[in-house]
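Spelled out from the first residue to the last, the chains are:
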Amino acid sequence: MNINDKLSAKAKSMKSSIIRELLVYVNEPGMISFGGGAPDPETFPRHKLSEIAGSVISDEYKSTLQYGLTEGDTELKKHYIKLLEKYDGITGINNDNLLITTGSQEALYLTGLIFGDEDSYCAASAPTYLGAVSAFSLSGAKFFGLPMTDEGMDLDMLERELENLVKKNEIHKFKFAYIVPNYMNPTGQSESMENRKKLVELAEKYDFMIIEDDPYNALRFEGEKLPSVYTMAPDRTLLLNTFSKVLSPGLRIGVIVGNKEAIRKMVIGKQALLLCSPSITQRLAARFMEKYDLIHEIRDTVKLYKAKRDTMLRALEEMFGDMEDVEWTHPKGGLFLWLKFPKNLITSEMLETAKNEKVLYIPGDSFYFDNPERNTMRLCFSLPSHEDIYEGIRRLRKVVDLHLAKIKGAKKNDLHQCV
Ligand SMILES: *Cc1c(COP(=O)(O)O)cnc(C)c1O
């Protein structure tokens, strides 16, 4: 039978993510991958977690092997509230302001679900997080893509778009701005203090929500820690956090902090989607936090990623320093940096050559709602070893040279045909 005839318009519009497709090649022998944005598995506290896991299952089985509350494990919430107070200066939070999700991905999906209609407008940086693009796209809302500047998203452009909506009498259809404030995925850039304040001013003036997705806050290599937008506008910000980058993505635990009524709607949405998040991993994380200081535990991880970033920056300088019209970001934390090539170099078209030369990256065009800058790529420095980072960047330069020669050759042929 032809399934296609039966598919919904939404299902028909769904596309597989290139990251998922590239994962097939990651395990080829000799491949060096800067592709997937995953933590280094050696940073997972596996011995500490496995020690706790035994008693979480054998002693706490009545809750951990059972269905849990849709809102999330109360034990986990208790320890999470303490963490927010201690490290982020966020106080006055109670259970009604918190929803535990199955990773931030569920939070993004629920955000699209409760705010987005086919005729809604939202805004995000361009480029922005791929997981947000796929989750929000399902809502059908239209996104304004705001280019990244050194300060963060171009908020002057946002203001112009908002004014346009006012003129068209459609400002009430503008629902939220989505930001990844620190060391964002994919570029590694951050929102400056100035930009954070300006965004809050705009949100108050034009009456919209802010979705603050902040997985990399604790992975800070240098520079000062800036206050979250949530602390500046708690009522109109939903703060999304995750254990994926600071403990383990396999636990699949995220947290939404914010406005009670929004949380309430999301709980109802979550009931339809999942009933509840896995009870075992929530309690495991809770007991881990009870016994250890999560932020203290990742100090070595932060050092490791900083050293790997340094290796990648040095390798880029050495291999690409002489090349014109190539630039890259210098992230102060996180897992990624962003490379921009001359306009004629379309990175998705270079991928075949890269596969042959045994190096992988994510073409930048995946990270846009529309109008992608196709001469860009994301490189992840957290996963490969120092040696592989160096060797991988060396290969990347070779790939670029081979590809540029190929484009030149093709152009010459065209020219001959014309003559
Ligand atoms: C990695 C990442 C997440 C984490 O997603 P999970 O579903 O919690 O694993 C969320 N947002 C951004 C911007 C990320 O880079």
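Located above this text is the structure these notes cover.
In this structure, what is going on with the nonpolar core? I would like to understand it.
Soluble globular proteins: nonpolar side chains tend toward being buried together. Counting 76 residues, the largest nonpolar core has Tyr-80, Phe-243, Val-257, Met-312, Phe-320, Leu-379 and Ile-393 as its most contacted members. Ranked by residues supplied to this core, first place goes to helix H14 (residues 299-320) with eight residues. Every residue in contact with Met-312, bar those within four places of it in the chain, is listed here: Phe-34, Leu-337, Leu-379, Cys-380, Phe-381, Ile-389 and Ile-393. Listed in part, the 47 residues of the second largest apolar core include Ala-132, Met-153, Leu-158 and Val-267.

Would you explain the site of the ligand in this entry?
Ser-104, Tyr-216, Thr-242, Ser-244 and Lys-245 are the nearest of the 13 residues found near the ligand. Contact distances for the ligand include 2.6 Å between an oxygen atom and a side-chain N or O atom of Thr-242. Ser-244 is positioned with one of its side-chain polar atoms (N or O) 2.6 Å from an oxygen atom of the ligand. When the ligand is considered free in solution it has 390 Å² of accessible area, and contact with the protein chains removes 94% of it. Broken down by element, the shell around the ligand gets its largest block of residues, three residues, from helix H6 (residues 103-115). Among the residues making up the shell around the ligand, the classes are represented as four nonpolar, six polar and three charged.

When you look at the pairing of strand E3 (residues 121-126) in this model, what are you seeing that I'm missing?
The side chains of a regular strand alternate, residue by residue, between the two faces of the sheet. The buried count for E3 comes to six of six residues, which makes it a mostly enclosed element. Sheet analysis places E3 next to strand E4 (residues 142-149), joined by six bridges and oriented parallel. Bridge pairing in E4 places Ser-125 opposite Leu-146. Remark: the E3/helix H7 (residues 130-137)/E4 crossover connection has right-handed handedness. Relative to strand E6 (residues 174-179), E3 runs parallel, the two sharing four bridges. Among the inter-strand pairings, Ala-123 is bridged to a residue of E6, identified as Ala-177.

Teacher, can you tell me more about the side chain of Asp-214 here?
Tracing the backbone through its elements, the reader meets Asp-214 in the loop between strand E7 (209-213) and helix H10 (229-232). A polar contact is formed between the side chain of Asp-214 and the side chain of Asn-182, at a distance of 2.9 Å. Look past the residues within four positions of Asp-214 in its chain and what remains in contact with it is Pro-181, Asn-182, Leu-239, Leu-240 and Asn-241.

Could you clarify how one ought to interpret helix H11 (residues 260-273) in this entry?
Residues that lie three or four places apart on an α-helix share one face, since the helix turns once every 3.6 residues. Along its 14 residues, H11 runs 20 Å from first to last C-alpha, staying within 8% of the 20 Å computed at 1.5 Å per residue. Burial in H11 covers these residues: Ala-262, Ile-263, Met-266, Val-267, Gly-269 and Lys-270. For H11, the secondary structure elements touched by its buried residues are strand E2 (98-101), H6, strand E8 (237-242) and strand E9 (254-258). The opening residue of H11 is Asn-259, an N-cap whose side-chain oxygen sits 2.9 Å from the backbone nitrogen of Glu-261. Backbone geometry just downstream of H11 places Leu-275 in the positive-phi region, at approximately 65°.

Sorry if this is basic, but what is going on with the sheet that holds strand E10 (residues 327-328) here?
One key point about sheets: their strands pair by backbone hydrogen bonds, in either a parallel or an antiparallel sense. Across the sheet, four strands lie side by side as E10-E11-E14-E13; this open sheet has antiparallel pairing. Here the strands that pair on one side only, and so sit at the sheet edges, are E10 and strand E13 (362-363). In this sheet, strand E14 (residues 376-380) lies alongside strand E11 (residues 336-340) in antiparallel orientation, the contact comprising five bridges. Along E14, the bridge assignment pairs Lys-340 with Thr-376.

Before we go on, may I ask you to explain the packing of aromatic side chains in this structure?
Each aromatic ring pair is specified by the distance between its two centres and by the angle formed by the two planes. Under the counting rule described, the total for this entry stands at 15 aromatic pairs. Pairing Phe-221 with Phe-381 gives two aromatic rings, centres 6.3 Å apart and planes at 55°, and the pair type is tilted. Residue Phe-221 is found in the loop between E7 and H10, and its partner Phe-381 is found in the loop between E14 and helix H16 (386-418); the two are separated by 160 residues along the sequence. Of the residues examined, Phe-221 reaches a relative accessible area of 10% and is grouped as buried. A residue is classified by how much of its surface remains accessible, and Phe-381, at 0% relative accessible area, is buried. Three or more aromatic residues link up through ring pairs in this structure, and these residues are Phe-115, Phe-136, Phe-143, Phe-176, Tyr-178 and Phe-369. One residue, Lys-48, lies across the ring of Tyr-292, its end atom 4.8 Å from the ring centre.

What exactly am I supposed to notice about the environment of Lys-173 here?
Structurally, the position occupied by Lys-173 is in the loop between helix H8 (155-167) and E6. Residues Lys-173 and Phe-115, 58 residues apart in the sequence, show an inter-C-alpha distance of 9.8 Å. With residues near it in sequence (within four places) discarded, Lys-173 still touches Asp-119, Ser-120 and Tyr-121.

Mind showing me how you'd approach the sheet that holds E2 here?
Pairing within the open sheet is mixed, and its eight strands lie in the order E2-E9-E8-E7-E6-E3-E4-E5. The open sheet terminates on both sides in strands that have one partner only, identified here as E2 and strand E5 (152-153). In this fold helix H9 (residues 193-206) packs onto E5, E6 and E7, with an angle of close to 150° to the strand it touches most, E7.

Even after reading the chapter, I still don't get a nonpolar patch on the surface, so can you show me in this structure?
Taken together, the side chains of Tyr-109, Leu-113, Leu-273 and Leu-274 present a nonpolar region at the surface, about 320 Å² in accessible area. Relative to the helices and strands, Leu-274 resides in the loop between H11 and helix H12 (279-291). A relative accessible area of 33% means that Leu-274 is categorised as partly exposed.

When you look at the packing of H6 against H11 in this model, what are you seeing that I'm missing?
When two helices pack together, their arrangement is captured by the angle between the axes and the distance separating the axes. H11 packs onto H6 with a crossing angle of 110° between their chain directions and a minimal axis gap of 10 Å. Between H6 and H11, the interaxial angle falls into the category roughly perpendicular. Mapping the contact onto sequence places Glu-106, Ala-107, Tyr-109, Leu-110, Thr-111, Leu-113, Ile-114 and Phe-115 in H6 and Ala-262, Lys-265, Met-266, Gly-269, Lys-270 and Leu-273 in H11. Its residues placed into classes, the contact of H6 with H11 shows nine nonpolar, two polar and three charged.

About the criteria used
Residues numbered from 1 in each chain as written. Predicted model: local features only at pLDDT ≥ 70, side-chain atom pairs only at ≥ 80, totals over all residues. Heavy atoms only, no water. Core = buried A, V, L, I, M, F, W, Y, C linked by side-chain atoms within 4.5 Å. Buried < 20%, exposed > 50% of the residue type's maximum accessible area, 1.4 Å probe, protein only. Helix = DSSP H or I, 4+ residues; strand = E, 2+ residues; numbered from the N terminus. Contact = heavy atoms within 4.5 Å. Near = heavy atom within 4 Å. Polar contact = N/O pair within 3.5 Å; in protein donor to acceptor, adjacent residues only side chain to side chain. Areas by Shrake-Rupley, 256 points an atom, 1.4 Å probe, with all protein chains shown as cover. Nonpolar A, V, L, I, M, F, W, Y, C, P; charged D, E, K, R; others polar. Pairing = 2+ DSSP bridges. Right-handed = clockwise from strand over helix to strand, strands pointing away. Expected span 1.5 Å × (residues − 1). Phe/Tyr/Trp six-rings, centres within 6.5 Å; stacked < 30°, edge-to-face > 60°. Lys NZ or Arg CZ within 6 Å of the ring centre and 35° of its normal. Axes fitted to C-alpha atoms, helices over the stretch in contact; angles between N-to-C directions. Patch = residues over 30% accessible without salt bridge, like charges linked within 9 Å, V, L, I, M, F, W, Y side chains within 5 Å. Salt bridge = Lys/Arg side-chain N within 4 Å of Asp/Glu carboxyl O. Parallel < 35°, antiparallel > 145°, perpendicular 65-115°, else oblique.

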